[in-house]
Amino acid sequence: MDTIRSWLVEHKLRAVGTLWASSLIGSFAYNFSQPNMKTSVKLIHARLHAQALTLAALAGCAVVEYYDHQSGEKAKQYEKHIQ
């Protein structure tokens, strides 16, 4: 679990991009299995679902980054540059 956390801390944007792509593909797959909707509505719903999940992931990354800068290794790393 610690290795996963450290990878996510170092590669936040890559993780968010992967989450966006997988949510977009999953939402496309789900929406295109619904026979009673127009194609344009399916595309809009898929984009909105992926966009909402991406915004939530970016907010989570911002919280993690703030926490790391306040109390993590990055605080110690930047401390030597400030003095």
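Up top you'll find the structure we're talking about.
Residues numbered from 1 in each chain as written. Predicted model: local features only at pLDDT ≥ 70, side-chain atom pairs only at ≥ 80, totals over all residues. Heavy atoms only, no water.

**Student:** Can you help me understand the packing of helix 2 (residues 12-32) against helix 3 (residues 39-71) in this one?
**Tutor:** What describes two packed helices is the angle between their axes and the distance between those same axes. Between helix 2 and helix 3, the least distance of the axes is 8 Å, while the angle of their chain directions is 155°. Relative to helix 3, helix 2 is oriented roughly antiparallel. For the crossing formed where helix 2 meets helix 3, the hand is right-handed. Tallied by class, residues from the contact of helix 2 with helix 3 come to 15 nonpolar, seven polar and four charged. (Axes fitted to C-alpha atoms, helices over the stretch in contact; angles between N-to-C directions. Helix = DSSP H or I, 4+ residues; strand = E, 2+ residues; numbered from the N terminus. Parallel < 35°, antiparallel > 145°, perpendicular 65-115°, else oblique. Left-handed = near helix turned anticlockwise from the far one by under 90°. Nonpolar A, V, L, I, M, F, W, Y, C, P; charged D, E, K, R; others polar.)

**Student:** So what exactly am I meant to see when it comes to the packing of aromatic side chains here?
**Tutor:** Each aromatic ring pair is described using two quantities: the centre-to-centre distance and the angle formed by the ring planes. Tallying each qualifying case throughout the model produces one aromatic pair. Seen from their ring centres, Phe28 and Phe32 are 6.1 Å apart, and the 50° between their planes marks the pair as tilted. Here Phe28 pairs with Phe32, and both are found in helix 2, just four residues apart, close to one helical turn. Relative accessible area serves as the criterion here: at 28%, Phe28 is assigned to the partly exposed category. Classification of Phe32 by relative accessible area gives partly exposed; the value is 42%. (Phe/Tyr/Trp six-rings, centres within 6.5 Å; stacked < 30°, edge-to-face > 60°. Buried < 20%, exposed > 50% of the residue type's maximum accessible area, 1.4 Å probe, protein only.)

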